[in-house]
2 protein chains.
Amino acid sequence: MFNPNDPKLRSFISVDPASDFPIQNLPYGVFSANGLAPRLGIAIGDYVLDLWELAQEGRLDVCEPAVFAATSLNAFMALGPSVWTRTRVRISELLRHDHPELRDNDELRKLALLPMKDVKLHLPFTVAGYTDFYSSKEHATNVGVMFRGKENALQPNWLHMPIGYNGRASTVVVSGTKVRRPRGQLKPPNVDAPSFGPCKRLDFELEMGVVIGQPSAMGEMISESRAEEMIFGFVLLNDWSARDIQQWEYVPLGPFQAKAFATSISPWVVTREALEPFRLQGPEQDPVPLPYLRQARPNNYDLTLEIGLRAGAMNEAQSIARTNFKYMYWSSVQQLMHHASSGCAMNAGDLLGSGTISGPEKTQRGSLLEISWNGTEPLELPGGIKRSFLEDGDSLVMRGWCQGDGYRVGFGEVEGTIVAAG
Amino acid sequence: MFNPNDPKLRSFISVDPASDFPIQNLPYGVFSANGLAPRLGIAIGDYVLDLWELAQEGRLDVCEPAVFAATSLNAFMALGPSVWTRTRVRISELLRHDHPELRDNDELRKLALLPMKDVKLHLPFTVAGYTDFYSSKEHATNVGVMFRGKENALQPNWLHMPIGYNGRASTVVVSGTKVRRPRGQLKPPNVDAPSFGPCKRLDFELEMGVVIGQPSAMGEMISESRAEEMIFGFVLLNDWSARDIQQWEYVPLGPFQAKAFATSISPWVVTREALEPFRLQGPEQDPVPLPYLRQARPNNYDLTLEIGLRAGAMNEAQSIARTNFKYMYWSSVQQLMHHASSGCAMNAGDLLGSGTISGPEKTQRGSLLEISWNGTEPLELPGGIKRSFLEDGDSLVMRGWCQGDGYRVGFGEVEGTIVAAG
């Protein structure tokens, strides 16, 4: 079996070196085209490869073709890691420049390869449960300094486990979905009683989302190797946050309506396998984690992340931060091992948000709260536009990629535009 | 149309006045019998009425019969309140003592009525999302006094909105499911660093669960009347809690693994309609809630709740508390209106826990944390047995019922026995 991550592989489909979707990537998504029902597809360059057509034509013999005529990846994910690998290897083979099977079959190419600009991309999987972590030390420290001062910035538990909370799965939406400004109870410090109205401190949070592809049983703890096997892939995730609603509601049970109105994810799920060449060791963990959280393998990825904001009358998004997934203190595998540690059952389709990804530099902050330092240092944009928090009409774009030698394994984007509370 | 809540109605099936399931109740559940696949049923006295058999035989013409040959109530709930009402009225008619259709049809009775002792009861619906509230003023005050002192017992936000958090849907289980003692990080105040091991302060919480039967759209706020229509029914709910895990993990994002290992519910969903005769006005709300949380109708139910504990070598459960749902400060309708207020989409199958139900008296406390006052006043049981928290082998039973004149509309029970962490 050849290595589908081999940097030397080339496809017969021409792929720009700056494209997110070379033959080394092959991310999964759900698309529809020509008014037909949704199907599973794989991104390659500027095209979507229709897995159902391939299976129907007898070119992809890894499972029942019906699995690919679905509105979500869940049934495919449920088949497990060996099917994921076989599918990826087979698709890689079919797309290789030196493999004639699809390359020289005009009819099949016409059926199975659709220009990405002509398809509609859907939420790629049915979100079984959504959990959001808080695992960047830089982010937790920034927020802590802002609200509790330097001395008490990190809570005592933070260095001992990946702190997280259950989020709301029903409002996870795909990139491009408009985000309505939420309403909620607001009580600024200088007034006596709360009022109800549109959020005034609307923010984003740059995160990665882990997509769980295999379940664990109630009562079962998860080893490192099992956790790796359960991870199907990753998406970009924007954890929209209403800072003013959050501030008033969150004691003592945590964020609730402040995060419940929307969470946006990118449409393509980049597989764990495609990210393997970009693994690296994350920050040193001190104190050494308890045994159930220890990892032997390098636990992070060298994954560049960029945030763009198109505010008000701007014609295009302006980069406002660039950071890297590698700064995360707690890894996705550690988050998953912790999540199951009490006996909590995990399901295929669970989505784990990494927590806001901030880096050590000021230019590497993953939320407007941090960038504008709680509104005290408004962000300055071209044309004299300033932003402390997001305004109606603002569009936020996140991108992410791992840079290889002459190619990149990328995530596309997650975009959301704010519409008025109405 | 006759009134299926009429206290004078009688069934041809003899029902003990102390039974939870007279003809005025007719709760829905999912059962299996004789090795067959699960079906939807209704409890009547000591019997389960098989809705699929009735539909197959042309006696229940409210929807496709296949809806009743299901492993969950979700598809039936999705049909909406007018179908729920039509079904309830029709079943009431079929079970009346003066209606010959089922009463005098030996063959149909044999097919459709199964002794409850012969069936297995399943989780009645697929839990789409699980949210847990904190809406008893007495409970919140007790916990506040214990951990923050009398002066700061209630947090400033508590009187302004139903405080809640997202729970974990994957571990909601039906009554009778064994509950494995969870493991987690424990850091007693007198040690420097946490350790990982079995929870030492395992507790229950007596709650009611609201079962949402109709969805709301993302961005949609919910009026009182719409909230009423969305509520399909209620179950008993035991929100198992690991107090020591919770204490160390919950700042600042709320309970996570301390609640994620198990939540038990009763197998029968008592409909909102069956509870109508028992509505009453709950505690006065001061300050008056913000307009989006105001209710015109009486917002509570006169619903007696009892907790039994069979500890160690005891032969039977001993009552350790008796309280009433009517003490709840925030109502289920208010919880639902608040839940959707940010634009959070609700789904059929969402489960909203009321929060621990404690009353004003010491004998009305809904958790062992309160009963034993954080372990300082151990509960004394027959045979010299004492309990500060739950031990392995302990069995906890919750019951609930609305008392009518000569009948009761009851919930059966939710039982769970603790097994060792292993």
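See the structure shown above.
Please read these numbers as outputs of a predicted model, since none were measured by experiment.

1. Structural notes on the overall build of chain A
Each helix and strand in chain A was counted, giving 12 helices and 26 strands. In terms of C-alpha radius of gyration, chain A reaches 22 Å, essentially the compact-globule figure of 22 Å for 422 residues. Here the C-alpha coordinates of chain A stretch approximately 70 × 50 × 35 Å along the principal axes. Across the 422 residues in chain A, those meeting the buried criterion constitute 62%. Across chain A, contacts joining residues at least 24 apart in sequence account for 72% of those joining residues at least 6 apart.

2. Side note on the sheet that holds strand β4 (residues 113-115) of chain A
Hydrogen bonds between backbone groups are what pair the strands of a sheet, and the pairing can be parallel or antiparallel. Residues and elements named next belong to chain A. The antiparallel open sheet is built from 5 strands, whose spatial order is β4-β3-β2-β1-β5. At either margin of the open sheet sits one strand with a lone partner, and together these are β4 and β5 (120-122). Across the sheet, the mean angle from the axis of one strand to that of its neighbour is 45 degrees, orientation sign disregarded. Judged from the 4 bridges that link them, strand β1 (residues 28-32) and strand β2 (residues 39-44) form a sheet pairing that is antiparallel. Considered in β2, the bridge of G29 is made with G41. Sheet strands in contact with helix α3 (residues 81-95) are β1, β2 and β3 (47-50), and its direction is about 70 degrees off that of β1.

3. Here's the deal with helix α11 (residues 332-340) of chain A
Buried residues dominate α11 of chain A, accounting for 9 of its 9 residues. Within α11 of chain A, the full set of buried residues consists of S332, V333, Q334, Q335, L336, M337, H338, H339 and A340 of chain A.

4. Focus on the interface of chain A and chain B
The interface is formed by 56 residues belonging to chain A together with 56 residues belonging to chain B. With both chains or domains summed, chain A and chain B bury close to 5,000 Å², and 64% of this area falls on carbon and sulfur atoms. If you sort the residues of chain A by the area they bury against chain B, R168, L253 and F256 of chain A come out on top, with a joint share of 16%. For the pair chain A and chain B, the interface holds 2 salt bridges. Connecting chain A to chain B are 19 residue pairs in polar contact (both at pLDDT 80 or more). The residue makeup of the side of chain A that touches chain B, split by class, is 30 nonpolar, 21 polar and 5 charged.

5. Remarks on the sheet that holds strand β25 (residues 395-403) of chain A
Residue and element names in this part refer to chain A. Taken in spatial order, the 5 strands line up as β9-β26-β25-β20-β21 in an open sheet, and their pairing is mixed. Each end of this open sheet is capped by a strand with a single partner; those strands are β9 (179-180) and β21 (318-324). Note that β25 and strand β26 (residues 408-419) share 8 bridges and pair antiparallel. Within β26, the position partnered with Q403 by the bridge is R408.

Procedures and definitions
- Residues numbered from 1 in each chain as written.
- Chains lettered and ligands numbered in written order.
- Predicted model: local features only at pLDDT ≥ 70, side-chain atom pairs only at ≥ 80, totals over all residues.
- Heavy atoms only, no water.
- Helix = DSSP H or I, 4+ residues; strand = E, 2+ residues; numbered from the N terminus.
- Rg over C-alpha atoms; globule rule 2.2 N^0.38 Å.
- Buried < 20%, exposed > 50% of the residue type's maximum accessible area, 1.4 Å probe, protein only.
- Contact = heavy atoms within 4.5 Å.
- Pairing = 2+ DSSP bridges.
- Axes fitted to C-alpha atoms, helices over the stretch in contact; angles between N-to-C directions.
- Buried area = accessible area lost by both parts, 1.4 Å probe.
- Salt bridge = Lys/Arg side-chain N within 4 Å of Asp/Glu carboxyl O.
- Polar contact = N/O pair within 3.5 Å; in protein donor to acceptor, adjacent residues only side chain to side chain.
- Nonpolar A, V, L, I, M, F, W, Y, C, P; charged D, E, K, R; others polar.

Scope: geometric values only; no functional claims are made or implied.
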